[in-house]
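# Geometric and topological summary
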Amino acid sequence: MKNLSVCLLAIVSLGITSCSKEKNDNYVVATIKTVDADTDVGIPAEVKLEWRNEKDEEAGIQTVNFNNTNSAGILQIEEKLKGKPRYVQIKARPFDYYVPPYVNELHFDEQDIDMEETNILTFRFYPVYYYKFHFNSVDCFDETDSMRYTWIYRPTIGEFDQSEPVMLYGCVDQVMPAGPTYSDALYSYDDEVTLKYDIWRNGVHTSNTIVYENLAKATENLIEVEF
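All of these numbers come straight from a predicted model, not from anything done at the bench.

### Quick notes on the overall build of the protein chain
Across its full length, the protein chain carries 1 helix and 15 strands. Evaluated residue by residue, the protein chain yields a buried proportion of 40% over its 227 residues. Summed over its atoms, the accessible surface of the protein chain is roughly 13700 Å², and 50% of this surface lies on carbon and sulfur atoms.

Structure follows, in structure tokens:
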């Protein structure tokens, strides 16, 4: 009888120690997926965990930086947090052509963590389409020629969302914007851009509108404009 009691105690103890970690208030158990919002194909992204410890509020925000998600856009997380964690969040940030230029490098998308569940969180990032214009005045008259152009870079939102006019003078053969790299490029979350321009040449004024479709994502598009 004594041996039976010992066995029962061992079984109960084993059951207690093998409780799932997702039921422990101090464990984060999660599968993180980072995908292209257009295709749902996985993309690599940087992932970190942030929370506040209510037992040490003066310590501020606590952070754990993980490895990036893999080439399939997946990262498994199993992390024990110290103290009394509150406001627990997973944050993710993509790379390359999913990040527009000039965006604050500290910006991450975020989702809340449920400390008592196995979390499956998906972050969807929209690809960014980079482009520059190569203006080439193949029918130039002389240095008195001028061109004024604007571009509509978010056509799905509406024509009101466009650039300020830009003026070019003379016999133009120029890439605009004129910065040396594609960190200076224009960008859009749409795969098309509409260019509107006016030309004054030898006393004659003409206007034109061209829609450039099917811009390639994950590359640097150079749009050729001959006039």
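More follows now that the structure is in view.
### Brief notes about the sheet that holds strand E7 (residues 118–125)
Spatially, E4-E1-E7 is the arrangement adopted by the 3 strands of the open sheet, whose pairing is mixed. Across the chains shown, the open sheet's two edge strands, defined by having one partner strand only, are strand E4 (74–80) and E7. Shown here is a sheet whose adjacent strand axes are inclined to one another by a mean of 20 degrees, direction ignored. With 7 bridges connecting them, strand E1 (residues 27–36) and E4 associate as antiparallel partners. Considered in E4, the bridge of Thr-31 is made with Gln-76.

### Overview of the layout of surface pockets
By volume, the largest pocket amounts to about 310 Å³. If you go around the largest pocket, you meet 19 residues; those closest to its centre are Pro-94, Tyr-98, Val-99, Pro-100 and His-107. Secondary-structure elements contributing two or more residues to the lining of the largest pocket are strand E5 (85–94) and E7. The element that contributes the greatest number of residues to the lining of the largest pocket is E5, accounting for 3 residues. Residues belonging to the lining of the largest pocket are distributed by class as follows: 11 nonpolar, 2 polar and 6 charged.

### Brief notes about unusual backbone geometry
Each neighbour pair has its own omega, and for Met-176 with Pro-177 the value is -5 degrees, a cis peptide bond. Along the chain, the position of Pro-177 falls in the loop between strand E11 (173–176) and strand E12 (186–188). Positive phi outside glycine occurs at Asn-214, with the angle close to 60 degrees. Residue Asn-214 is classed as exposed on the basis of its relative accessible area, which comes to 64%.

### Overview of the nonpolar core
Core analysis: the biggest nonpolar cluster contains 22 residues, and Val-28, Ile-32, Leu-49, Ile-77 and Ile-90 have the highest contact counts within it. In terms of residue count, strand E2 (residues 45–53) provides more of this core than any other element does, 4 residues in total. Among residues more than four places away in sequence, those in contact with Val-28 are Leu-49, Ile-77, Glu-78, Glu-79, Leu-81, Val-88, Ile-113 and Met-115.

### Some thoughts on the confidence of the model for the protein chain
Mean pLDDT over the protein chain stands at 85; residues scoring 70 or higher make up 86%. A low-confidence stretch, residues 1–19 (pLDDT under 50), is modelled with 0 contacts involving residues beyond four sequence positions or located in other chains.

### What to know about a negative patch on the surface
A grouping of Asp-25, Asp-114, Glu-116 and Glu-117 is seen on the molecular surface, where their side chains present a negatively charged patch. One can find Glu-117 in the loop between strand E6 (109–112) and E7. Given the relative accessible area of 38%, Glu-117 is considered partly exposed.

### Digging into the sheet that holds strand E13 (residues 193–201)
With antiparallel pairing, 4 strands are arranged side by side in an open sheet as E10-E9-E13-E14. Edge positions in the open sheet fall to strand E10 (166–169) and strand E14 (204–212), since each of these has one partner strand only. For this sheet the average axis-to-axis angle between neighbouring strands, irrespective of direction, equals 20 degrees. Sheet topology note: the strand E9 (residues 146–152)/E13 ladder contains 7 bridges and is antiparallel. Residue Trp-151 lies in a different strand from E13, and its bridge partner there is Leu-195.

The rules behind each value
- Residues numbered from 1 in each chain as written.
- Predicted model: local features only at pLDDT ≥ 70, side-chain atom pairs only at ≥ 80, totals over all residues.
- Heavy atoms only, no water.
- Helix = DSSP H or I, 4+ residues; strand = E, 2+ residues; numbered from the N terminus.
- Buried < 20%, exposed > 50% of the residue type's maximum accessible area, 1.4 Å probe, protein only.
- Areas by Shrake-Rupley, 256 points an atom, 1.4 Å probe, with all protein chains shown as cover.
- Pairing = 2+ DSSP bridges.
- Axes fitted to C-alpha atoms, helices over the stretch in contact; angles between N-to-C directions.
- 1 Å grid on protein atoms, 1.4 Å probe; cavity = no way out; pocket = protein on both sides within 12 Å on 5 of 7 lines; lining within 4 Å.
- Points joined across faces, edges and corners; volume = space filled by probe spheres on them.
- Nonpolar A, V, L, I, M, F, W, Y, C, P; charged D, E, K, R; others polar.
- Core = buried A, V, L, I, M, F, W, Y, C linked by side-chain atoms within 4.5 Å.
- Contact = heavy atoms within 4.5 Å.
- pLDDT = per-residue confidence, 0-100.
- Patch = residues over 30% accessible without salt bridge, like charges linked within 9 Å, V, L, I, M, F, W, Y side chains within 5 Å.
- Salt bridge = Lys/Arg side-chain N within 4 Å of Asp/Glu carboxyl O.
- Lys, Arg positive; Asp, Glu negative; His and termini not counted.
- Charge placed at Lys NZ, Arg CZ, Asp CG, Glu CD.

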